[in-house]
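Chain and residue survey
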Amino acid sequence: SAKAAGRGMLRFFDPAMQRAVEERSALEARLRDAIGGKQFTLYCQPQFDADLTLTGGEMLLRWQHPERGLVGPGDFIPLAETSGLIMPIGAWVLEEACRRVAAWRDDPILGRLCYSVNISAQQLHHPDFVQQTLAALQGADLPPGRICLELTESLLAQNVEDVIGKMHTLRHHGVCFSIDDFGTGYSSLNYLRRLPLYALKIDQSFVQDEQSEAIVEVIIALGKKLDLHVIAEGVETQAQLDGLAGKGCQAYQGYLLGKPMPLAAFHDKYRGR
Ligand code: C2E
Ligand code: MG
Ligand code: MG
Ligand code: MG
């Protein structure tokens with residue numbers, strides 16, 4: 001410890017900690033460059049209904065790093081959240097998603113579907129969130145019903161009334177909402193009832209674990225009771241798909257049916273012909 005290192009010596013960090021701190025600030029600096037340097041890109045993963053008809057897709061952020069290649073959000077979203085950089089990044093994601101979805105407006109299939117965008121707690125808690133979201137939609141001339149915002153349960157840990165109010169305002173304009181990774185956070189069932197939700201997304205950990213069958217059944221039943229759509233995430237095998245279908249699941253997303261892909265590839269693969 002610092003104390004044991006002796007008087008007169010200021011040693012706050014051990015070398016491993018020092019390195020971690022340095023790496024963190026280097027990553028933060030590179031993230032800042034990425035925002036200005038157009039290094040972010042959106043991928044889209046298809047979503048399907050019970051008949052396996054395409055219903056839309058989820059926009060997933062990727063960082064095209066000059067040296068490291070394609071970096072997934074798990075490697076930088078947490079730092080973006082703690083450093084505040086999630087605000088400009090999240091704003092870009094919303095604007096880009098609206099622009100790209102709007103550009104598909106004349107496609108007979110893609111032009112009718114709904115696309116989801118992940119929103120961090122900080123974004124939703126920000127006072128300008130409603131305004132910024134509506135501005136992104138208007139800027140792209142996109143009807144608000146074409147976008148679904150995915151929120152996590154942790155959003156409801158603070159400022160619940162404020163969050164519910166914002167959600168109702170956006171819903172009033174036509175924006176849809178779903179709860180992502182449902183079942184992994186702590187949701188008050190009482191709040192859930194008060195949210196203007198379209199869907200619950202069953203977290204992939206439950207979908208992929210045979211021991212979690214009962215949890216999957218309860219979430220599907222809850223969705224039915226609350227009149228919400230239920231989407232299973234992370235469907236990787238036919239056995240998982242069959243099991244979910246047997247339980248009455250109405251929608252699916254996962255590698256079995258389609259991986260996240262660049263938007264141009266998504267367009268090529270799923271557009272109307
Ligand atoms: P999420 O919103 O729950 O997204 C689903 C994640 O599961 C995605 O990982 C997707 O690629 C992955 N996935 C989809 N199907 C399968 C499957 O069959 N098997 C497995 N093993 N994985 C599957 P990804 O793209 O790495 O994103 C991770 C998380 O990062 C997302 O989880 C979301 O919470 C966050 N994220 C992604 N894009 C954004 C963004 O634009 N803004 C914010 N705030 N968060 C984002
Ligand atoms: Mg999501
Ligand atoms: Mg999820
Ligand atoms: Mg997740």
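These lines cover the structure that appears in this document, whether it is placed above or below. (Residues numbered from 1 in each chain as written. Chains lettered and ligands numbered in written order. Predicted model: local features only at pLDDT ≥ 70, side-chain atom pairs only at ≥ 80, totals over all residues. Heavy atoms only, no water.)

Quick look at the environment of Glu-28
Stated precisely, the cut-off is as follows: In this text, helices come from DSSP runs of H or I with a minimum length of four residues, and strands from runs of E with a minimum of two, each type numbered from the N-terminal end. Should any heavy atoms of two residues lie within 4.5 Å, those residues are considered in contact.
If you trace the backbone, Glu-28 turns up in helix 1 (residues 15-36). Taking the C-alpha atoms as reference, Glu-28 lies 7.6 Å from Ser-83; in sequence the two are 55 residues apart. Once residues within four sequence positions are removed from consideration, Glu-28 is found in contact with Leu-79, Ser-83 and Leu-85.

Things to note about the side chain of Asp-107
Note the threshold: Contacts described as polar in this section are N or O atom pairs within 3.5 Å, which, within protein, must combine one atom able to donate a hydrogen with one able to accept it, while residues neighboring in sequence count only if both atoms come from side chains.
Among the secondary structure elements, Asp-107 is positioned in the loop between helix 3 (86-102) and strand 4 (114-118). Here Gly-272 takes part through its backbone nitrogen, which lies 3.0 Å from a polar atom of the side chain of Asp-107. Sequence-distant contacts of Asp-107, that is, excluding residues within four places in its chain, are made with Arg-112, His-267, Arg-271 and Gly-272.

Considerations on the packing of aromatic side chains
Geometrically, a pair of aromatic rings is defined through the distance of the ring centres and the angle of the planes. To be explicit about the condition: Side-chain rings of Phe, Tyr and Trp (the six-membered ring for Trp) are treated as a pair once their centres are within 6.5 Å; stacked means planes under 30 degrees apart, edge-to-face means over 60, and tilted covers the remaining angles. Per-residue accessibility, obtained with a 1.4 Å probe over protein chains only, is compared with the maximum for each type, and a residue is labelled buried under 20%, exposed over 50%, and partly exposed between these values. Lysine NZ or arginine CZ positioned within 6 Å of the ring centre and within 35 degrees of the ring normal marks a charge as sitting over the ring.
Considering all chains together, one arrives at nine aromatic pairs under this definition. When the centroid spacing of 5.6 Å and the interplanar angle of 15 degrees are considered together, the rings of Trp-104 and Phe-266 count as stacked. Placement of the pair is Trp-104 in the loop between helix 3 and strand 4 and Phe-266 in helix 11 (residues 263-270), with a sequence separation of 162 residues. Exposure remark for Trp-104: the relative accessible area of 8% places this residue in the buried category. Members of the aromatic cluster, each reached through a chain of ring pairs, are Phe-48, Trp-104, Tyr-115, Phe-266 and Tyr-270. Above the ring of Tyr-43, the side-chain terminus of Arg-62 is found at 5.3 Å from the ring centroid.

Brief notes about the packing of helix 5 (residues 129-140) against helix 6 (residues 160-173)
Rule in force here: Only the contacting stretch of a helix is used when fitting its axis, a line to C-alpha atoms as for every element, and angles between N-to-C directions run 0 to 180 degrees. Angles below 35 degrees are treated as roughly parallel, those above 145 as roughly antiparallel, those between 65 and 115 as roughly perpendicular, and all remaining angles as oblique. Crossing chirality is assigned from the near helix's rotation relative to the far helix, an anticlockwise turn below a right angle marking it left-handed and a clockwise turn marking it right-handed. Under the convention adopted here, Pro, Cys and the residues Ala, Val, Leu, Ile, Met, Phe, Trp and Tyr are nonpolar, Asp, Glu, Lys and Arg are charged, and Gly plus all remaining residues are polar.
Here helix 5 crosses helix 6 at 20 degrees, and the two axes come no closer than 10 Å. Relative to helix 6, helix 5 is oriented roughly parallel. The hand of the helix 5/helix 6 crossing is right-handed. Across from Phe-129, Val-130, Thr-133 and Leu-134 in helix 5, the residues of helix 6 making contact are Lys-166, Thr-169, Leu-170 and His-173. Of the residues that constitute the contact of helix 5 with helix 6, the class distribution is four nonpolar, three polar and one charged.

Section: the packing of helix 3 against helix 5
Relative to each other, helix 3 and helix 5 sit at 30 degrees, their axes nearing to 8 Å. Taken as axis vectors, helix 3 and helix 5 run roughly parallel relative to one another. Judged by the sense of rotation from one axis to the other, the crossing of helix 3 with helix 5 is right-handed. Every residue of helix 5 that contacts helix 3 at Leu-94, Glu-95, Cys-98, Arg-99 and Ala-102 is listed here: Phe-129, Thr-133, Ala-136, Leu-137 and Ala-140. Of the residues that constitute the contact of helix 3 with helix 5, the class distribution is seven nonpolar, one polar and two charged.

A word on unusual backbone geometry
Even without being a glycine, Asn-159 presents a positive backbone phi close to 50 degrees. Here Asn-159 lies in the loop between strand 5 (147-152) and helix 6. Its relative accessible area of 42% is what places Asn-159 among the partly exposed residues. Notably, Asp-227 is not glycine yet its phi reads approximately 65 degrees, a positive angle.

Section: the coordination of the magnesium ion (ligand 3)
Ideal values for angles at a metal depend on the geometry: 109.5 degrees with four tetrahedral donors, 90 or 180 degrees with six octahedral donors. Filter applied, for reference: For Na, K and Ca the donor cut-off is 3.2 Å; for every other metal, N, O and S atoms count as donors within 2.8 Å. Water does not enter the count, which can leave sites looking incomplete.
Only Asp-180 (OD), Asp-181 (OD), Glu-233 (OE) and Glu-233 (OE) from the protein reach the magnesium ion (ligand 3) as donors, at distances of 2.1 to 2.3 Å. A separation of 4.0 Å is found between the magnesium ion (ligand 3) and the magnesium ion (ligand 2), which share Asp-180 as a coordinating residue. Relative accessible area serves as the criterion here: at 7%, Asp-180 is assigned to the buried category. Owing to a relative accessible area of 26%, Asp-181 belongs among the partly exposed residues under this scheme.

Focus on the environment of Gly-258
Within the secondary structure layout, Gly-258 lies in the loop between strand 9 (251-252) and strand 10 (261-262). On the basis of relative accessibility, which here comes to 7%, the residue Gly-258 falls in the buried class. Sequence-wise, Gly-258 and Val-235 are 23 residues apart; in three dimensions their C-alpha atoms are separated by 9.5 Å. Beyond its immediate chain neighbours, meaning those up to four positions away, Gly-258 contacts Gln-45, Pro-46 and Tyr-270.

Worth remembering: the numbers are spatial, not functional.
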